[in-house]
Amino acid sequence: MLLRMKYYLQRGLPLSYHSASLFQGALMQRIDPAYGEVLHRSELKPYSQYLTFHKGRPVWVLQLLTDEAASHLLAPPQLTAGSTILLERLDLQVEIAAVSQDRLTHEELLQRTFFASCPRTIKIRFATPTAFKVQGRYQIYPTIRHIFGSLIQKYDAVYTQTEIMEDGLLEDLQKLISVIGYDLRSTSFSVEGVTIPSFMGTLLLKIAGPQQLVNLVHLLLRFGTYAGVGIKTAMGMGALQVIERSDIQNARKSMPDCHRRTAP
């Protein structure tokens, strides 16, 4: 089960997307220390989180990738409208004005992407600073190999019984996915006194090859809207959004992802 929690915060707070690491600290203060140690040892975290803004209101987005993570990170006392979150470094009590949630099962994810008929163009947005770590150095621009290498690694870590990675897959994706438009800018992300060079913005992708590969790309990107992409997604980096370009999608508002077809 993929679960997205949105906590709409009070207005007028001195927050930016850099503040997401403070919310991670507040989250760790809430959980059982034994599970906190499990998370500390885990290279791929079973959650992502970031800070965004909606009509001037800060919104903390917490996304859980496994049922186990949800049971621990959302353990009582649960955060509800009227609850407060202490950001210790700022000595600031932040009040939650409203809460919303969005659930997506693995079966629903597959039906909406892998077993659908998805469009060959897709637009993605890196909504918070994003970077990759390559041979010990930060890479501050997106490549097809690093985007999908990151997404496949995260997907296979969550869904261990349906492993995607296989020999030659990344090479195939590099050959068959083209960047046909972009609007990117360099930026940085500050966490624990370290400034990480990164990027934000959009890419417009066109996918060649068989329809099943097109659907696989949509599956990975849709999963990435929960898992994030690149490094430090648990600290507020790598928030990924998908904006699909499809006449079928616009005509079929009841199916907001890809045009549904029956799974074989």
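Since we're looking at a predicted model, the values are computed, not measured.

K.L.:
Give a detailed account of the side chain of Ser48, specifying residues and quantitative values.
P.N.:
Within the fold, Ser48 resides in strand β2 (residues 47-54). The exposure class of Ser48 is buried, given its relative accessible area of 3%. Within the structure, Ser48 has its side chain in polar contact with the backbone oxygen of Tyr226 (distance 2.5 Å). If we ignore the near neighbours within four places in the chain, the residues touching Ser48 are Val61, Leu62, Gln63, Tyr226, Ala227, Gly228, Thr233 and Ala234.

K.L.:
Explain the environment of Gln63 to me, and be specific about the residues and the numbers.
P.N.:
In this fold, Gln63 is placed in strand β3 (residues 57-64). Sequence separation between Gln63 and Arg4 is 59 residues; the distance between their C-alpha atoms is 4.4 Å. The residues contacting Gln63, other than those within four sequence positions of it, are Leu3, Arg4, Pro46, Tyr47, Ser48, Tyr50, Thr225 and Tyr226. A distance of 3.2 Å separates a polar atom in the side chain of Gln63 from the backbone oxygen of Thr225. At a separation of 2.8 Å, a polar atom in the side chain of Gln63 contacts the main-chain carbonyl oxygen of Tyr226.

K.L.:
Describe the pairing of strand β7 (residues 121-130), naming the residues involved and giving the relevant values.
P.N.:
If a strand is regular, its side chains alternate between the two faces of the sheet. Most of β7 is tucked away, with 7 of its 10 residues classed as buried. As judged from the 7 bridges shared by β7 and strand β11 (residues 194-207), these two strands associate in the antiparallel manner. Paired with Ile124 across the strands is Leu203, a residue of β11.

K.L.:
Mind laying out unusual backbone geometry, listing which residues take part and the relevant values?
P.N.:
Following Pro76, the chain continues into Pro77 via a peptide bond in cis, with omega recorded as 0°. Checked against the element boundaries, Pro77 lands in the loop between α3 (67-73) and β4 (84-87). Notably, Lys55 is not glycine yet its phi reads approximately 55°, a positive angle. For Lys55, the location among the structural elements is in the loop between β2 and β3. The exposed category is assigned to Lys55, whose relative accessible area is 71%. Backbone geometry at Gln135 places phi at a positive 50°, although glycine is not the residue there. Along the chain, Gln135 turns up in the loop between β8 (132-134) and β9 (137-139).

K.L.:
So what's going on with the side chain of Asp156? Which residues, and what values?
P.N.:
Here Asp156 is to be found in helix α5 (residues 144-158). Buried and unpaired, Asp156 has Lys154 as its nearest opposite-charge partner, separated by 13 Å. At 2.7 Å, the side chain of Asp156 forms a polar contact with the backbone nitrogen of Ile164. Engagement of the side chain of Asp156 in a polar contact is seen with the backbone nitrogen of Met165, the distance being 3.0 Å. In this structure, Asp156 is in contact with Thr162, Glu163, Ile164 and Met165, ignoring residues within four places of it in sequence.

K.L.:
How would you summarise the packing of α5 against helix α7 (residues 211-227) if you had to cite specific residues and measurements?
P.N.:
Contact geometry of α5 with α7 gives a least axis separation of 9 Å together with a crossing angle of 75°. In this view, α5 runs roughly perpendicular relative to α7, as classed from their interaxial angle. Facing Phe148, Leu151, Ile152, Lys154, Tyr155 and Val158 of α5, the residues of α7 in contact are Val217, Leu219, Leu220, Leu221, Phe223, Gly224 and Ala227.

K.L.:
An account of the pattern of salt bridges is requested, with residue identities and associated values reported.
P.N.:
This structure, assessed with the given rule, holds 3 salt bridges. Its salt-bridge partner being Asp102, residue Arg4 comes within 3.2 Å of it at the nearest N-O pair. In this pair, Arg4 is assigned in strand β1 (residues 2-9) and Asp102 in strand β5 (residues 92-104), connecting sequence segments 98 residues apart. The class for Arg4 is buried, based on a relative accessible area of 15%. For Asp102, a relative accessible area of 33% gives the class partly exposed. Here Glu37 and Arg41 are joined by a salt bridge, their closest N and O atoms 3.8 Å apart. In this pair, Glu37 and Arg41 are both assigned in helix α2 (residues 33-41), 4 residues apart and thus about one turn of the helix distant.

Thresholds, definitions, all that
- One numbering rule holds for all chains: residues counted from 1, following each sequence as written.
- Reporting in this predicted model follows two pLDDT cut-offs: at least 70 for local features of residues, and 80 or more for side-chain atom pairs to be given and counted; totals over whole chains, interfaces and linings ignore these cut-offs and use all residues.
- Processing note: side-chain calculations cover all non-hydrogen atoms of the structure and skip hydrogens and water entirely.
- Each helix corresponds to a stretch of at least 4 residues labelled H or I by DSSP, and each strand to a stretch of at least 2 residues labelled E; elements are numbered beginning at the N terminus.
- Residue burial is assigned from relative accessible area. The probe radius is 1.4 Å, only protein chains are included, and a residue is buried under 20% of its type maximum, exposed over 50%, and partly exposed in between.
- Polar contacts, as used here, are pairs of N or O atoms within 3.5 Å; protein pairs need one atom able to donate a hydrogen and one able to accept it. Residues neighboring in sequence count only if both atoms are side-chain atoms.
- Should any heavy atoms of two residues lie within 4.5 Å, those residues are considered in contact.
- Pairing between strands requires that DSSP locate at least two bridges from one strand to the other.
- For the purpose of counting charges, residues Lys and Arg are taken to be positive, whereas Asp and Glu are taken to be negative. His and the chain ends are not included.
- Criterion for a salt bridge: a side-chain nitrogen of Lys or Arg within 4 Å of a carboxyl oxygen of Asp or Glu.
- Helix axes use the C-alpha atoms of the stretch in contact, all axes being lines fitted to C-alpha atoms, and the angles between their N-to-C directions lie in the range 0 to 180 degrees.
- Orientation is classified from the angle alone, with under 35 degrees giving roughly parallel, over 145 giving roughly antiparallel, 65 to 115 giving roughly perpendicular, and any other angle giving oblique.

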